[in-house]
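# Observations on chain architecture
Each chain, letter by letter, is given below.
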Amino acid sequence: MLYLTKLISRGGTRECYYHPQNQNLCIKVMQAGKPLSSLFHELKIYQQVHSILGSFICHYSPTLVETDKGLGLECELISDSNNQPSQPILSYVIQHRLNEAILSQLQEFFSLLIKNNIFFYDFNLMNFVIKQTDSGPRLIYIDMKSYRRYKPWTYLGLEKFIPSLAQHIMKRRIKSMYQKLGLPSPF
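Worth saying up front: this structure is predicted, and the values here are computed from it rather than measured.

### Overview of the overall build of the protein chain
Within the protein chain one finds four helices and eight strands. Moving toward the C terminus, one meets the helices and strands of the protein chain in the order β-β-β-α-β-β-β-α-α-β-β-α. Its C-alpha radius of gyration of 17 Å places the protein chain within 12% of the 16 Å reference for a compact globule of 187 residues. Summarising its shape, the C-alpha atoms of the protein chain cover approximately 45 × 40 × 30 Å along the three principal directions. The buried share of the protein chain, reckoned over its 187 residues, is 45%. Taking as baseline every contact in the protein chain between residues at least 6 positions apart, the subset at least 24 positions apart corresponds to 58%. Counting every atom, the protein chain has about 10,000 Å² of accessible surface; 53% of that belongs to carbon and sulfur. Here the protein chain holds 21 positive side-chain charges and 13 negative ones, and the gap between their average locations is 8 Å.

So this is what it looks like as structure tokens:
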């Protein structure tokens, strides 16, 4: 059993801790009262898309691990080459540090999603992290749980059965993200 003591961050449903035995990993656990099924769902999605999205997503261990806070999802800790936590793309926007390398990777990521009918819907600026490496920035998308989970009632779930509708919704979300970046959408 792993004992989690050093909190990295807390989201709406999960908490992320430093791995107590491996400085290159972190552990995501569910907050009290939140369904554990979300972790199983995220692991399943990772297994479905990792061969296509490769370097655009963080890497997960193949099974959940036992912790003092319940089962946890063990995954790559996204930190820069100087061992500091990598920053979300939102920080780059605020600090006017977006550059061509980051924007090119963002376009490549979205192109892969569209080309392969991989439908994610949550493109808020905190779900993209920029890992600074010795060879330059690396864009990483960190929200596996939004895969094929579109919540508004307007389409009644039809996007799960009609790929063109799912693609339309996702492209609209992509355009919205580019607007938040203050840029025209290439899609």
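There is more to say after this.
### Examining the pairing of strand β1 (residues 7-10)
The pairing of β1 with strand β2 (residues 14-18) spans three bridges and is antiparallel. Note on β2: the bridge partner recorded for R10 is E15.

### Points about unusual backbone geometry
Residue H96 is not a glycine yet carries a positive backbone phi of 55°. Residue position: H96 is located in the loop between α2 (89-94) and α3 (100-115). Phi is positive for N117, which is not a glycine, with a value near 50°. Take N117: it is sitting in the loop between α3 and β7 (128-133).

Rules and cut-offs
Residue positions are counted from 1 within each chain, in the order its sequence is given. This being a predicted model, a pLDDT of at least 70 is required before a residue's local features are given, and a value of 80 or more before pairs of side-chain atoms are given or counted; all residues contribute to the totals for chains, interfaces and linings. Water and hydrogen atoms were dropped before computing side-chain values, which therefore reflect all heavy atoms in the structure. Counting from the N terminus, the helices are DSSP H or I runs at least four residues long and the strands are E runs at least two residues long. Radius of gyration: over C-alpha atoms. The globule rule applied is 2.2 Å multiplied by the number of residues raised to the 0.38 power. The rule is simple: take the accessible area with a 1.4 Å probe, protein chains only, and divide by the maximum for that residue type; under 20% is buried, over 50% is exposed, in between is partly exposed. The contact definition used throughout considers only heavy atoms, calling two residues in contact when any of these lie within 4.5 Å. Throughout, the Shrake-Rupley method with a 1.4 Å probe supplies accessible areas, and for residues the shown protein chains are the sole cover considered. For the charge count, each Lys or Arg is scored as positive and each Asp or Glu as negative, with His and the chain ends excluded. Charge placement uses NZ in Lys and CZ in Arg. For Asp and Glu, CG and CD serve respectively. Between any two strands, pairing holds if DSSP finds at least two bridges.

Worth remembering: the numbers are spatial, not functional.
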